[in-house]
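Tertiary structure, described
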Number of protein chains: 2
Amino acid sequence: MTKSALQIARAAYQPKLPQALKGAVVAKEGEPTQSVADQEAIKALFPNTYGMPLIQFVEGEAPAFPAINVGVILSGGQAPGGHNVISGLFDGIKKLNADSKLYGFILGPGGLVDHNYKELTAEIIDEYRNTGGFDIIGSGRTKLEKEEQFEKGYEIIKELGIKALVIIGGDDSNTNACVLAEYYAAKNYGVQVIGCPKTIDGDLKNEMIETSFGFDTACKTYAEVIGNIQRDCNSARKYWHFIKLMGRSASHIALECALQVQPNICIVSEEVEAKEMSLDDVVTYIAQVIADRAADGNNFGTVLIPEGLIEFIPAMKRLIAELNDFLAHNGEEFAMVKKSQQREYIIKHLSAENSAIYASLPEGVARQLSLDRDPHGNVQVSLIETEKLLSEMVATKLAAWKEEGKYNGKFGAQHHFFGYEGRCAAPSNFDADYCYSLGYTASMLIANGKTGYMSSVRNTTAPAAEWIAGGVPITMMMNMERRHGEMKPVIQKALVKLDGAPFKKFAANREAWAKETAYVYPGPIQYFGPTEVCDEPTKTLQLEQAK
Amino acid sequence: MTKSALQIARAAYQPKLPQALKGAVVAKEGEPTQSVADQEAIKALFPNTYGMPLIQFVEGEAPAFPAINVGVILSGGQAPGGHNVISGLFDGIKKLNADSKLYGFILGPGGLVDHNYKELTAEIIDEYRNTGGFDIIGSGRTKLEKEEQFEKGYEIIKELGIKALVIIGGDDSNTNACVLAEYYAAKNYGVQVIGCPKTIDGDLKNEMIETSFGFDTACKTYAEVIGNIQRDCNSARKYWHFIKLMGRSASHIALECALQVQPNICIVSEEVEAKEMSLDDVVTYIAQVIADRAADGNNFGTVLIPEGLIEFIPAMKRLIAELNDFLAHNGEEFAMVKKSQQREYIIKHLSAENSAIYASLPEGVARQLSLDRDPHGNVQVSLIETEKLLSEMVATKLAAWKEEGKYNGKFGAQHHFFGYEGRCAAPSNFDADYCYSLGYTASMLIANGKTGYMSSVRNTTAPAAEWIAGGVPITMMMNMERRHGEMKPVIQKALVKLDGAPFKKFAANREAWAKETAYVYPGPIQYFGPTEVCDEPTKTLQLEQAK
């Protein structure tokens with residue numbers, strides 16, 4: 001296998017561990033815990049895994065430990081550092097006992113159900129240390145939710161003599177990990193289940209989980225290319241760059257990138273929703289910044305847009321809901337309408353409010369909303385190229401303002417969408433260290449007989465030696481939420497808090513950033529330089545953890 | 001001004017210089033030179049700057065040098081390292097005499113004509129060392145071609161007491177630099193003009209100029225994100241990524257990236273043209289690789305596409321020519337045709353060959369070809385989203401093959417276009433060193449009274465200390481070519497040579513890369529690590545210079 005010079009050099013990196021994990025480890029247990037809300041309901045659903053104490057690992061003397069077999073699963077979208085969770089887990093169980101074995105289930109949770117697995121030997125693990133991607137065993141989106149899946153999984157678990165499963169995933173996957181832990185505990189199967197917090201979106205975090213892994217590397221990779229675009233923008237001085245960033249359910253990525261690069265504009269979906277902004281409000285806001293900069297002779301700039309924006313605009317949600325409903329009931333008639341008349345047909349049949357919004361949309365987007373529907377007949381919001389939608393509507397508004405004499409600039413736009421560019425980047429030092437520690441900590445939770453815990457590494461803005469490793473009962477992060485019409489126990493998703501330090505820092509500076517050209521150029525992730533260049537955590541984490 | 005940690009750390013980098021430039025320098029002159037072709041014609045056009053000798057700088061004793069004023073211009077598209085050319089030039093003239101001054105003309109050659117300039121002081125220069133972008137003085141696309149421009153420029157040159165101009169640009173800008181040098185020499189104005197080879201496209205190179213600056217950094221930046229996408233692709237195993245890369249007139253960038261990342265497919269425009277491949281041939285080739293991989297269970301992969309592809313397909317060039325001609329003569333009638341009938345109208349009126357090609361194009365592209373025309377009424381080839389055009393046509397072909405039982409895979413596509421992400425990246429060590437040396441060498445050419453020369457740094461695959469610095473008469477690289485209906489003296493553009501080492505390496509491996517998943521992950525540019533990670537030149541350069 002051909003490898004780049006950096007792949008070869010990076011393979012030798014030894015991730016930094018918390019001091020407490022470097023030698024023998026003992027578990028220090030805290031007080032019993034409660035779920036963040038709906039305590040009675042959660043307790044009733046998780047009688048065996050509710051109320052367990054927080055765990056912190058400290059230096060101590062540990063007894064000799066028998067060999068164990070452990071299974072590991074990568075669940076959902078890729079995030080930088082997954083391979084290091086696995087190598088930390090591997091090194092941890094090998095340190096407990098050199099005869100321990102690690103099995104990887106192939107292509108996600110489906111691999112457990114389908115009995116598709118491979119043993120991860122030292123030779124395989126060494127090939128993947130400090131690399132990006134989930135390709136060591138692949139990932140998948142099968143949800144582990146049903147008893148028959150749990151039982152199917154238990155068959156192979158028994159066959160392989162697996163004592164514990166580690167599930168690396170986002171909020172949903174960790175919720176399911178806890179359901180599985182509860183099920184195996186209730187059945188007395190003697191199988192532990194441990195979760196690890198993964199997602200580039202950054203929306204799996206709370207009082208006990210400071211950040212999900214991959215967020216650091218993905219944001220730094222996006223910030224690198226956005227910074228490069230900003231430098232281009234400031235050199236060519238003729239384009240507005242509309243840059244959409246992955247992350248449908250929260251705007252953490254866009255906000256973090258904004259804090260890193262200081263763009264002229266960053267839209268934060270959570271704010272749009274809280275202020276009940278309409279699409280026109282968002283367009284007007286962008287157009288106004290562009291007009292103000294044009295008045296200073298600056299016909300260029302950058303706009304960061306979170307992928308999920310459309311779904312956070314209350315009026316757009318109402319439009320989409322009515323469209324779904326209308327097309328479900330009038331699909332046959334609609335199919336008979338001539339293509340050139342479909343737009344008018346829809347405008348005529350929607351309610352006044354939604355009709356006006358629909359009429360304001362550029363033709364391409366309007367067509368997409370009425371035609372490209374998923375197998376259930378629903379509009380596919382994720383296909384909308386929000387960056388182009390906004391720039392087209394901004395262009396229209398600026399043209400109108402020009403007629404009115406309110407704007408006298410030149411507007412040219414370029415469009416970008418960054419997502420796949422960062423999900424599988426090689427982990428930054430932070431993610432390499434954090435992930436390795438999470439995996440190593442998981443092995444210690446297993447050794448201590450824990451189940452229904454999430455591996456937790458805290459104090460992450462301090463040097464790695466001072467990080468605090470332990471475990472958090474997953475039930476502690478749960479509340480009851482309506483999903484698909486049913487109340488379900490789920491881990492609360494962390495959206496951007498408008499009263500949180502990262503947003504407040506952004507809000508306090510955005511007017512200056514809009515008007516001035518205050519671009520920062522983060523450059524590519526560095527692995528070998530001074531610590532302030534190589535080891536700095538995200539701005540989000542630094543601001544959130546600042547005392 | 002807020003700066004990132006890397007910006008601050010990188011500012012301290014001291015670019016490596018060729019040994020010969022480290023102390024006092026003398027010029028060693030070679031034999032008189034000839035242009036690469038059309039010697040008589042070029043000689044007649046450049047009586048004062050033709051036939052000059054090659055220059056090589058060697059260590060020696062240099063006399064004391066009076067203070068000089070120098071002007072510098074950035075011309076055309078941004079390329080990483082422009083600021084280092086300027087800082088090398090600044091340090092060079094300051095070393096000759098501490099009272100020398102450097103003036104930067106603002107926003108490109110237009111700044112000379114419009115007398116828009118600023119003095120570049122040590123304080124300004126220090127802000128921009130080792131940074132990307134051209135924002136120190138901006139760039140522009142005004143062409144210096146007319147006598148009145150030359151005279152206008154001379155006014156400000158006289159006023160500022162400028163002895164020499166350094167023009168940093170691509171092949172056209174360097175051609176114009178030589179025309180200007182000849183003009184000032186013929187007029188005895190005593191103003192020297194020196195060129196520097198800049199372009200990320202890599203198409204300004206020849207026997208004497210090994211590479212243009214910026215190509216190294218831009219390709220490494222693209223290869224970083226393509227590598228990340230490949231790792232994602234190989235983890236998710238469900239998408240084909242169609243990745244278009246900047247570079248309209250040559251495929252060096254796509255080829256270099258292919259050599260770095262080993263994708264499943266890379267299209268090289270020069271090969272498409274040489275083999276007279278049709279659009280359908282290109283589509284069939286891609287679809288066949290996809291079908292072959294699907295047969296192995298691999299429904300994922302990567303396709304690299306040079307931005308200029310469409311213009312290299314002979315049949316597409318013929319179609320576009322006929323369309324331009326047809327719409328020029330029938331524009332009024334066409335404007336009357338209903339939108340829904342325009343496609344049929346064009347199909348009916350074109351020649352049989354072109355009509356068939358037009359009919360095979362996806363609707364969006366067909367519409368674009370007939371509607372989006374430039375101010376001269378010509379089709380705007382650059383607006384075509386070639387990556388989407390190809391993936392749509394591939395999808396159509398695969399669907400047909402599925403009907404015929406020749407293909408049984410799943411095809412999902414993602415699209416990317418990388419250009420602005422790399423043009424203004426902070427220069428790699430190679431570009432930082434190379435550019436600084438080019439700028440420093442320019443100052444030595446000035447000191448030695450040279451004009452009509454391009455700054456040249458060779459032996460660039462060796463350590464920087466062994467690089468050979470000197471000057472090449474620009475006329476030496478010229479031939480006569482038809483431009484806008486007239487024969488003009490121009491620097492030969494370097495396209496990808498199908499018998500050159502880089503293409504041959506690619507061609508020898510592409511079948512294996514198509515079938516296997518042989519991805520390489522270059523990772524982000526590193527500035528502080530081991531030399532094999534930080535200082536390696538491009539694969540193109542290594543292969544071309546290999547003895």
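Residues numbered from 1 in each chain as written. Chains lettered and ligands numbered in written order. Predicted model: local features only at pLDDT ≥ 70, side-chain atom pairs only at ≥ 80, totals over all residues. Heavy atoms only, no water.

The helix and strand tally for chain A stands at 22 helices and 15 strands. Here the C-alpha radius of gyration of chain A, 25 Å, is about what a compact globule of 547 residues would show, namely 24 Å. A burial count over chain A gives 61% of its 547 residues as buried. The contacts in chain A between residues at least 6 apart in sequence include a share of 78% that link residues at least 24 apart. Carbon and sulfur atoms form 49% of the exposed surface of chain A, whose accessible area is close to 20900 Å². (Helix = DSSP H or I, 4+ residues; strand = E, 2+ residues; numbered from the N terminus. Rg over C-alpha atoms; globule rule 2.2 N^0.38 Å. Buried < 20%, exposed > 50% of the residue type's maximum accessible area, 1.4 Å probe, protein only. Contact = heavy atoms within 4.5 Å. Areas by Shrake-Rupley, 256 points an atom, 1.4 Å probe, with all protein chains shown as cover.)

On to the interface of chain A and chain B, then. Of the residues lining the interface, 62 residues belong to chain A; the matching set on chain B comes to 62 residues. With both sides pooled, the region where chain A packs onto chain B buries about 4500 Å², and carbon together with sulfur makes up 53% of that total. Looking at the side of chain A facing chain B, the largest losses of area belong to A:Arg231, A:Tyr420 and A:Glu421, adding up to 16% of the total buried there. For the pair chain A and chain B, the number of links is eight salt bridges. Across the salt bridge formed by B:Arg423 and A:Asp232, the nearest N and O atoms sit 2.7 Å from each other. Mapped onto the side of chain A that touches chain B, the elements with two or more residues apiece are helix H1 (5–11), helix H8 (215–236), strand E11 (413–418), helix H18 (420–423) and helix H21 (531–534) of chain A. Broken down by element, the residue count for the side of chain A that touches chain B peaks at ten residues, all from H8(A). (Buried area = accessible area lost by both parts, 1.4 Å probe. Salt bridge = Lys/Arg side-chain N within 4 Å of Asp/Glu carboxyl O.)

Next up on the list: the state of the cysteines. One pass over the full model with this rule turns up zero disulfides over all chains. A:Cys178 forms no disulfide, and the closest cysteine sulfur to it belongs to A:Cys196, at a distance of 14 Å. A relative accessible area of 0% means that A:Cys178 is categorised as buried. The structure places no disulfide on B:Cys534, whose sulfur is separated from the nearest cysteine sulfur, that of A:Cys534, by 10 Å. Accessibility expressed as a relative area gives 4% for B:Cys534, which makes it buried. (Disulfide = S-S within 2.5 Å.)

Moving on to the packing of aromatic side chains. A complete count under the given rule lists 38 aromatic pairs over all chains for this structure. Ring geometry for B:Phe326 and B:Tyr345: centres 6.0 Å apart, planes at 50°, overall tilted. Separated by 19 residues along the polypeptide, B:Phe326 in helix H13 (residues 314–336) and B:Tyr345 in helix H14 (residues 342–349) bring together distant segments of the chain. Across the pair, exposure class does not vary: B:Phe326 and B:Tyr345 are buried alike. Residue placement shows A:Lys244 over the ring face of A:Phe417; its charged tip is 4.5 Å from the ring centre. Lying over the aromatic face of B:Phe300, B:Arg293 brings its terminal NZ or CZ to 5.0 Å of the ring centre. (Phe/Tyr/Trp six-rings, centres within 6.5 Å; stacked < 30°, edge-to-face > 60°. Lys NZ or Arg CZ within 6 Å of the ring centre and 35° of its normal.)

Turning to the packing of helix H13 (residues 314–336) of chain A against helix H14 (residues 342–349) of chain A, a few remarks are in order. All names here are of chain A. Where H13 meets H14, the closest approach of the two axes is 12 Å, and the angle between their N-to-C directions is 125°. Considered as vectors, H13 and H14 are oriented oblique to each other. When the axes of H13 and H14 are compared, the crossing they make is right-handed. For the pair H13 and H14, the contacting residues are Glu322, Leu323, Phe326, Asn330, Glu333 and Phe334 in the first and Gln342, Tyr345, Ile346 and His349 in the second. Per-class residue counts for the contact of H13 with H14 are five nonpolar, three polar and two charged. (Axes fitted to C-alpha atoms, helices over the stretch in contact; angles between N-to-C directions. Parallel < 35°, antiparallel > 145°, perpendicular 65-115°, else oblique. Left-handed = near helix turned anticlockwise from the far one by under 90°. Nonpolar A, V, L, I, M, F, W, Y, C, P; charged D, E, K, R; others polar.)

This part covers the sheet that holds strand E9 (residues 265–266) of chain B. All names here are of chain B. Across the sheet, which stays open at both edges, the four strands sit in the order E9-E10-E8-E11 with parallel pairing between neighbours. Looking at which strands have only one partner, the edges of the open sheet turn out to be E9 and strand E11 (413–418). Pairing of strand E8 (residues 240–245) with E11, which is carried by six bridges, proceeds in the parallel orientation. The residue of E11 that forms the bridge with Trp240 is Ala413. Sheet strands touched by helix H11 (residues 279–295): E8, E9 and strand E10 (301–306). Its angle to E8, the strand with the most contacts, is close to 150°. (Pairing = 2+ DSSP bridges.)

You can overlay chain A on chain B at an RMSD of 0.0 Å; the transform is a turn of 180° with a shift of 0.0 Å along its axis. Taken together, these values place the two copies in the relation of a two-fold axis. Interface overlap between copies: 100% of the residues of chain A at the interface are likewise at the interface in chain B, consistent with a symmetric, same-surface contact. (Least-squares fit on C-alpha atoms with pLDDT ≥ 70 in both.)

Residues and elements named next belong to chain B. Relative to the 27 Å expected for 19 residues at 1.5 Å per residue, helix H19 (residues 429–447) spans 27 Å between its end C-alpha atoms, a close match to the ideal helical length. With 18 of 19 residues buried, H19 is to be regarded as a mostly interior element. Directly beyond the C-terminal end of H19, a positive phi value near 75° is found at Gly449. (Expected span 1.5 Å × (residues − 1).)

The next point concerns the pattern of salt bridges. Following the criterion strictly, the structure yields 58 salt bridges over all chains and no others. Among the salt bridges present, the one from A:Glu404 reaches A:Lys406, with a minimum N-O distance of 3.5 Å. A salt bridge links B:Lys515 to B:Asp296; the shortest N-O distance between them is 3.0 Å. Taken together, the residues B:Lys515 in helix H20 (residues 501–515) and B:Asp296 in the loop between H11 and E10 connect sequence positions 219 residues apart.

Below, the discussion takes up the environment of A:Asp535. All names here are of chain A. Along the chain, Asp535 turns up in the loop between H21 and helix H22 (539–545). Residues Asp535 and Tyr521, 14 residues apart in the sequence, show an inter-C-alpha distance of 17 Å. Non-local contacts of Asp535, meaning those with residues more than four positions away in its chain, are made with Lys16 and Asn429. At 3.0 Å, the side chain of Asp535 and the side chain of Asn429 are in polar contact. Here the side chain of Asp535 touches Thr531 through a polar contact of 2.8 Å, side chain to side chain. (Polar contact = N/O pair within 3.5 Å; in protein donor to acceptor, adjacent residues only side chain to side chain.)

Okay, the sheet that holds strand E7 (residues 192–197) of chain A next. Residues and elements named next belong to chain A. With mixed pairing, nine strands are arranged side by side in an open sheet as E1-E2-E13-E12-E7-E6-E3-E4-E5. The sheet is open, and its two edges are formed by strand E1 (25–32) and strand E5 (117–119), each paired on a single side. For this sheet, the mean angle separating the axes of adjacent strands, direction not counted, is 25°. Contacts from helix H19 (residues 429–447) reach E1, strand E2 (53–59), strand E3 (69–74), strand E6 (162–169), E7, strand E12 (453–458) and strand E13 (468–473) within the one sheet, and its direction differs from that of E12 by about 135°.

The subject of this paragraph is the environment of A:Ile384. All names here are of chain A. Inspection of the secondary structure puts Ile384 in the loop between helix H16 (363–371) and helix H17 (386–403). As for Ile384 and Pro524, which are separated by 140 residues in sequence, their C-alpha atoms are 30 Å apart. Not counting residues up to four positions away in its chain, the partners in contact with Ile384 are Lys244, Ile310, Val365, Gln368, Leu369 and Leu389.

Here we come to the pairing of strand E15 (residues 486–491) of chain B. All names here are of chain B. Pairing of strand E14 (residues 478–483) with E15 involves six bridges; the strand directions are antiparallel. The residue of E15 that forms the bridge with Arg483 is Glu486. Connecting the antiparallel pair E14 and E15 is a turn made up of two residues, with His484 showing a positive phi of about 50°.

It is worth spelling out unusual backbone geometry at this point. Residues and elements named next belong to chain A. The phi dihedral of Asn188 falls on the positive side, at around 55°, and the residue is not glycine. Its place among the elements puts Asn188 in the loop between helix H7 (171–186) and E7. Judged by relative accessible area, which is 69%, Asn188 ranks as exposed. Even without being a glycine, Arg237 presents a positive backbone phi close to 55°. Relative to the helices and strands, Arg237 is located in the loop between H8 and strand E8 (240–245). The exposure class assigned to Arg237 is partly exposed, which follows from its relative accessible area of 36%.

Now for the environment of A:Glu322. Residue and element names in this part refer to chain A. Turning to its location among the elements, Glu322 is positioned in helix H13. A relative accessible area of 21% means that Glu322 is categorised as partly exposed. When the C-alpha positions of Glu322 and Gly104 are compared, they lie 45 Å apart, and in sequence the two are 218 residues distant. Not counting residues within four places of it along the chain, the set of residues in contact with Glu322 comprises His349, Leu350, Ser351 and Asn354.

Structurally, A:Thr540 is set in helix H22. Setting aside anything within four residues of it in sequence, one finds A:Thr540 in contact with A:Lys205, A:Phe215, A:Glu256, A:Leu259 and A:Pro502.

Another aspect to go through is the confidence of the model for chain A. Scored by pLDDT, chain A has a mean of 95; 100% of the residues are at 70 or more. ipTM for the predicted complex: 0.96, alongside a pTM of 0.97. (pLDDT = per-residue confidence, 0-100.)

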